[in-house]
Amino acid sequence: MKRLVFGLMVFLACITHVHSQVKFHGQIGMTFSTFDRDLMEEYGFLDYRQSLIDQGVGASTSARNSLRPGAVIGIEIDVYLNENTFLKTGVKYTNGGDSYFFKTPDIQFQRYYGLITSDARFKIRPRLDYIAIPVNYGKSVGDFTIYGGITPHINVASALRTNSFDIRNPGRVREEWDRQDDLVKATKTVFFLNLGANYFIPAFDVDNVVSLNFGYSLNPVYDQPNAAGKINDAHLWMIELAFGITLSAGG
């Protein structure tokens, strides 16, 4: 990992010196992700739901899947080969996974700063954290750039998050989270095929940038010995939506 980051820094130093224009995009945003297959049974969510029902917890829905929200932060570098084409690289910290839930009418939970009161959701969320290093090719089209390629994702954490509710004060129910690490062994390096676009908005002498990126892992995200086949064959879909500013060097 250290060698890879050091090599990237040396590469960036060389290309910044050689090429006429390099654009740096600092960005922060959200991810939305899901596995390409249902792993509720493998993660024990169906048994977990039934155990709560056996304890007297009501269920107003079946066990369901939803997109897992996450975060992305990092810097991307566009090295222009000419006026309209560029190579994109950089370093990003991102996380993805999946989310399974069922609703219970027994607990009324206020979400979104108390603006909505609804049946509470019992959830489990598999989570995978990565350092991502894009290797993309792109073209500029007016205020847009479009790009695609391969982005290696180096796994730095694998966890399972499970929620519960503190109902001692019915007027102020609190959601709490528990985290268990390394329950399932993650693949160390996952290669994502990705396609994305940036839109630049000039303001205050800098280019503000909105980025949208779609990715799919080409190899499975788990490498769990003796695991059920669905775990070891799981791939990940991920959408990134990020905002940031652009600084240019050279020119």
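Refer to the preceding data block for the structure.
Residues numbered from 1 in each chain as written. Predicted model: local features only at pLDDT ≥ 70, side-chain atom pairs only at ≥ 80, totals over all residues. Heavy atoms only, no water.

Looking at the environment of His 25
Part 1: Summarising the element assignment, His 25 is placed in strand E1 (residues 21-35).
Part 2: When its relative accessible area of 1% is taken as the criterion, His 25 is described as buried.
Part 3: With 218 residues separating them in the primary sequence, His 25 and Phe 243 have C-alpha atoms 9.2 Å apart.
Part 4: Apart from residues no more than four positions distant in its own chain, His 25 is found in contact with Gly 74, Ile 75, Glu 76, Asp 78, Lys 88, Asn 198, Phe 200, Ile 245 and Thr 246.
Part 5: One polar contact links His 25 to Asp 78, side chain to side chain, over a distance of 2.6 Å. (Helix = DSSP H or I, 4+ residues; strand = E, 2+ residues; numbered from the N terminus. Buried < 20%, exposed > 50% of the residue type's maximum accessible area, 1.4 Å probe, protein only. Contact = heavy atoms within 4.5 Å. Polar contact = N/O pair within 3.5 Å; in protein donor to acceptor, adjacent residues only side chain to side chain.)

What to know about empty space enclosed by the protein
Part 1: Going through the model one piece at a time under the given rule, you end up with one cavity of 30 Å³ or more.
Part 2: Among the elements that make up the lining of the largest cavity, the one with the highest residue count is strand E11 (residues 206-217) (four residues).
Part 3: For the lining of the largest cavity, the per-class residue count stands at eight nonpolar, eight polar and four charged. (1 Å grid on protein atoms, 1.4 Å probe; cavity = no way out; pocket = protein on both sides within 12 Å on 5 of 7 lines; lining within 4 Å. Points joined across faces, edges and corners; volume = space filled by probe spheres on them. Nonpolar A, V, L, I, M, F, W, Y, C, P; charged D, E, K, R; others polar.)

Quick notes on the pattern of salt bridges
Part 1: Applying the stated criterion across every chain, the model contains eleven salt bridges.
Part 2: A salt bridge links Glu 240 to Lys 92; its shortest N-O distance comes to 2.8 Å. Here the residue Glu 240 occupies a position in strand E12 (residues 236-250), and Lys 92 occupies one in strand E4 (residues 85-97), the gap between them amounting to 148 residues. The pair Glu 240 / Lys 92 is uniform in exposure class, with both members buried.
Part 3: Salt-bridge contacts for Lys 123 lead to Glu 175; the nearest nitrogen and oxygen are separated by 3.0 Å. Residue Lys 123 is found in strand E6 (residues 116-132), and its partner Glu 175 is found in strand E9 (residues 174-181); the two are separated by 52 residues along the sequence. (Salt bridge = Lys/Arg side-chain N within 4 Å of Asp/Glu carboxyl O.)

Comments concerning the side chain of Glu 76
Part 1: With respect to the helices and strands, Glu 76 occurs in strand E3 (residues 68-80).
Part 2: For Glu 76, a relative accessible area of 3% translates into the label buried.
Part 3: A distance of 3.1 Å separates polar atoms of two side chains, one belonging to Glu 76 and the other to Lys 88.
Part 4: Once you skip the residues sitting within four places of it in the chain, Glu 76 turns out to touch Lys 23, Phe 24, His 25, Gln 27, Lys 88, Thr 89, Gly 90, Lys 92, Pro 134 and Asn 198.

A closer look at the environment of Val 79
Part 1: Relative to the assigned elements, Val 79 resides in strand E3.
Part 2: Separated by 58 residues in sequence, Val 79 and Gln 21 have C-alpha atoms that sit 6.5 Å apart.

Comments concerning a nonpolar patch on the surface
Part 1: Residues Val 141, Phe 144, Ile 146, Tyr 199 and Ile 201 make up a contiguous nonpolar surface patch of about 440 Å² in total accessible area.
Part 2: Of all the secondary structure elements, the ones that give two or more residues to the nonpolar patch are strand E8 (144-166) and strand E10 (189-203).
Part 3: On the basis of relative accessibility, which here comes to 53%, the residue Val 141 falls in the exposed class. (Patch = residues over 30% accessible without salt bridge, like charges linked within 9 Å, V, L, I, M, F, W, Y side chains within 5 Å. Areas by Shrake-Rupley, 256 points an atom, 1.4 Å probe, with all protein chains shown as cover.)

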